[in-house]
Amino acid sequence: MLDKNAVLKQYFGHSAFRAGQEQVVDAILQGQDALCVMPTGAGKSLCYQVPALMFDGITLVVSPLVSLMKDQVNALTQNGVKAAYLNSSLTFGQYAMVISNIRRGAYKILYVAPERLAVADFLDACSGIKIDLLAIDEAHCISHWGQDFRPSYLNIADFVDLLGYRPIIAAFTATATAEVKDDIEYSLKLKAPFRITTGFDRPNLRFEAIRPKNKFDELLRILKQHTEEVGIIYCSTRKTVEAVGEKLNELGFSVTIYHAGLEDAVRKQNQEDFVYDRKHIMVATNAFGMGIDKSNVSYVIHYNMPKDIESYYQEAGRAGRDGSYAVCTLLYSARDVRTNQFLIEHSEPNPALTVAQQEVLRARDYERLKKMTFYSTAITCLRSFILDYFGEKAPNYCGNCSNCLSQFTEVDITVDAQKILSCIKRTGERFGKKMICDILRGSMNERIMKFRLAGQTTYGLMRDRSVAQVRDMIDYLEFEGYIETRGNEYPTLAVTQKANAVLFGQEQLVMKQAKPKAPAVLKVKKGNIKETVDRSLLAELKALRRKIADSKGVPAYVVFSDATLVDMCQKHPTTVEELLDVSGVGRVKLELYGEIFLQILRTYDRTEKES
Ligand code: ADP
Ligand code: ZN
């Protein structure tokens, strides 16, 4: 029998496990339950797929994501693994066929939607076979506290009870707070599970947070840097998705859109156009992406700030899944905060929760939104901000985010801070950021007139500053705890104890301010491996991959990922052994495609030598 490393190479083409994977595989192989928290793109699937191929019986994978199942099964089948899925997308005939194959013991890995676990003919089919491992994907769905609670996940424990024996249970998720982790362990009745939380850092991702004057212009500037690449643009509302999609389309970009308001067929078509590389840009709401395992996404742009860092990191994390250099850019405006506040205030109540519990959740949502806002306006390392949020220690300089890469000057803002603090105090701590900013800048808008604020002693004290400068300083004072926001629906600013020292001139405040960012500065360090490969060879390999993928009706990355093709260009194998050395080439794929890829590599080699 193959050992774990041989399985990894033979079926998946990888020569080494990534951080954390091997420990999980070992625990499962020794019969221990597992609870694994790993970020998107870390490689959770291999943790159960490798043991699955080493057990005699079958592995069931519970997953809520219909599209993911199809993808995973596609990919596994391509790798020579007998796999199938059971969910609502199957026709009756297909369903009956899978059930009868289960009875015959025809599969090593079976993906099932949680609803199926309670269905009689599925239970009956399971009674005759041996389930070695039950893997639970997106395990946070079992928790009321998680982002996406699914009642059908509660079927899992009952299903196990009905089996009459206890398979190994391994739970996987990308985001889990301590509460959610405990919930998962308790609800799945895990037995002394091997717990692992791997690093959340994704070193190949560059993080950028920008507050542009004009978002669309900024978007165009960014898209110009990615002309040959594939990317996702997230917007917070359907309307924005439509508007941005249309404008890009008019400008001739290869673009498609996705949101929950589109008809099913259209949505499906658009998703496939993107997954199959027929369209290069996807403009979407957060409804898009769950279960999309597209490995060659080179950038994710957030046209609006999302509601919390969990969402942001999950969405941004869809870039660079194959390990290649990728960029995650957040375009922030103060308006995004208000949109999100509105969404929290008007969110559908979860009927499974009491009114008191819902209040707790709402307060939590506001708290998360506040952290997200801090991120968007942060002047320190963005990566360390995120890692810190997820409870991970990180150095405060990463060298690969817009803050680490832009230059700062230190500015003494003591006097400005005093003006801001007095303004908040003297107006009775009744107003929010926008109003305070307007008063200080001497604005003459209707509300100022209505509240007779123009006679205020601090009115117009900061006329010489721009709105952005005043806002930055207010954000900074809040971040550092000199002021705080009170109330949620109509947030008002209040001065804290800590501010007294500043107000009485006993403390000086120095703030880092970004020198205007020259876009060029951000581009220099593009240590992109793609820069060092032969582009025309890569193009040929991609064309071949496209041809194979089309003829099989699968997405291109299912044949070989971009990272694999890049590695091929760099290693330039001309023999079977050398080709096996390329990351992502396993025995099965070698047999399927080895020869045709080698043909290109060999002729390419020759023409190069001749010229
Ligand atoms: P997750 O489910 O954690 O989001 P996946 O299991 O989909 O991540 O894996 C993400 C990507 O990483 C896939 O393209 C996969 O082929 C690749 N990958 C996983 N494990 C390894 C490994 N040990 N070596 C190289 N690539 C890997
Ligand atoms: Zn940084």
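Residues numbered from 1 in each chain as written. Chains lettered and ligands numbered in written order. Predicted model: local features only at pLDDT ≥ 70, side-chain atom pairs only at ≥ 80, totals over all residues. Heavy atoms only, no water.

Asker: Kindly report on the coordination of the zinc ion (ligand 2), identifying the contributing residues and their values.
Answerer: Tetrahedral metal sites with four donors have an ideal angle of 109.5 degrees; octahedral sites with six donors have ideal angles of 90 or 180 degrees. Here the zinc ion (ligand 2) is held by C381 (SG), C398 (SG), C401 (SG) and C404 (SG), and the distances to it run 2.3 to 2.4 Å. If you look at the zinc ion (ligand 2), its four donor atoms make angles of 101 to 119° with each other, and the shape they trace is tetrahedral. Within one chain, the residues serving as donors to the zinc ion (ligand 2) are arranged as C-x16-C-x2-C-x2-C. For C401, a relative accessible area of 0% gives the class buried. (Donors = N, O, S within 2.8 Å, 3.2 Å for Na, K, Ca; no water. Tetrahedral: all angles 85-135°; square planar, octahedral: opposite > 155°, others 65-115°. Buried < 20%, exposed > 50% of the residue type's maximum accessible area, 1.4 Å probe, protein only.)

Asker: Now, about the environment of T329: what can you tell me, with residues and values included?
Answerer: Mapped onto the elements of the fold, T329 is located in strand 13 (residues 326-331). Linking T329 and C401, residues 72 residues apart in sequence, is a C-alpha distance of 9.6 Å. Among residues more than four places away in sequence, those in contact with T329 are E208, I210, I222, V300, I301, H302 and Y312. A distance of 3.1 Å separates polar atoms of two side chains, one belonging to T329 and the other to E208. (Helix = DSSP H or I, 4+ residues; strand = E, 2+ residues; numbered from the N terminus. Contact = heavy atoms within 4.5 Å. Polar contact = N/O pair within 3.5 Å; in protein donor to acceptor, adjacent residues only side chain to side chain.)

Asker: Requested: an account of the site of ligand 1, with residues and values cited.
Answerer: Neighbouring residues of ligand 1: 15 residues in total, closest A16, Q21, G41, K44 and S45. Between ligand 1 and the protein, one listed contact pairs a nitrogen atom with a backbone N or O atom of A16 at 2.8 Å. R18 has a polar side-chain atom sitting 3.1 Å from an oxygen atom of ligand 1. Compared with its free state, where it exposes 570 Å², ligand 1 has 82% of that area covered by protein. Residue contributions to the shell around ligand 1 peak at three residues, all from helix 3 (residues 44-54). Its residues assigned to classes, the shell around ligand 1 comprises five nonpolar, six polar and four charged. (Near = heavy atom within 4 Å. Areas by Shrake-Rupley, 256 points an atom, 1.4 Å probe, with all protein chains shown as cover. Nonpolar A, V, L, I, M, F, W, Y, C, P; charged D, E, K, R; others polar.)

Asker: Explain the nonpolar core to me, and be specific about the residues and the numbers.
Answerer: Core analysis: the largest hydrophobic core is formed by 72 residues, its most contacted members being I102, L110, F122, I136 and F159. Grouped together as the second largest cluster of nonpolar side chains are 71 residues, F207, Y312, A326 and L580 included. (Core = buried A, V, L, I, M, F, W, Y, C linked by side-chain atoms within 4.5 Å.)

Asker: Please give an account of the domain arrangement of the chain that cites residues and values.
Answerer: Each assigned domain of the chain is listed with its residue range as follows: domain 1 (4-197), domain 2 (205-389), domain 3 (409-514) and domain 4 (533-610). One C-alpha centre belongs to domain 1, the other to domain 3, and the line joining them spans 53 Å. (Domains from an automatic or database assignment.)

Asker: If you had to explain the side chain of T496 to someone new, which residues and values would you point to?
Answerer: On the secondary structure map, T496 appears in the loop between strand 16 (492-495) and helix 21 (500-503). A polar contact is formed between the side chain of T496 and the backbone oxygen of G481, at a distance of 2.8 Å.

Asker: I'd like a rundown of the packing of aromatic side chains, residues and numbers included.
Answerer: For the coordinates displayed, the defined rule picks out 14 aromatic pairs. With 5.6 Å between their ring centres and 70° between their planes, Y375 and F385 make a pair best called edge-to-face. Of this pair, Y375 sits in helix 14 (residues 355-377) while F385 is found in helix 15 (residues 382-389), placing the two residues 10 residues apart along the sequence. Classification of Y375 by relative accessible area gives buried; the value is 0%. Where F560 meets Y593, the ring centres are 5.8 Å apart and the plane angle is 75°; that geometry is what we call edge-to-face. One end of the pair, F560, is in the loop between helix 24 (556-559) and helix 25 (562-571); the other, Y593, is in helix 27 (residues 587-610), and 33 residues separate them in sequence. Side by side, F560 and Y593 carry an identical accessibility label, which is buried. Here the basic side chain of K247 rests over the ring of F216, its NZ or CZ set 4.2 Å away from the ring centre. Directly above the aromatic system of Y482 lies the positively charged group of K498, at a separation of 4.6 Å from the ring centroid. (Phe/Tyr/Trp six-rings, centres within 6.5 Å; stacked < 30°, edge-to-face > 60°. Lys NZ or Arg CZ within 6 Å of the ring centre and 35° of its normal.)

Asker: Please set out the environment of I222 residue by residue, giving values where relevant.
Answerer: For I222, the location among the structural elements is in helix 9 (residues 215-224). On a C-alpha basis, the gap between I222 and T329 in space is 8.9 Å, while along the polypeptide they are 107 residues apart.

Asker: Please provide a residue-by-residue account of helix 2 (residues 21-29), values included.
Answerer: Residues Q21, V24, V25, A27 and I28 constitute the buried set of helix 2. The buried residues of helix 2 occupy one face: seen down the axis, they fall within an arc of 165°. Where the residues of helix 2 are buried, they touch helix 1 (4-12), strand 1 (34-37), helix 3, strand 5 (131-136), strand 6 (168-173) and strand 7 (194-197). Looking one or two places after helix 2, you find G31, whose phi comes out positive at around 90°. (Arc of directions from axis to C-beta.)

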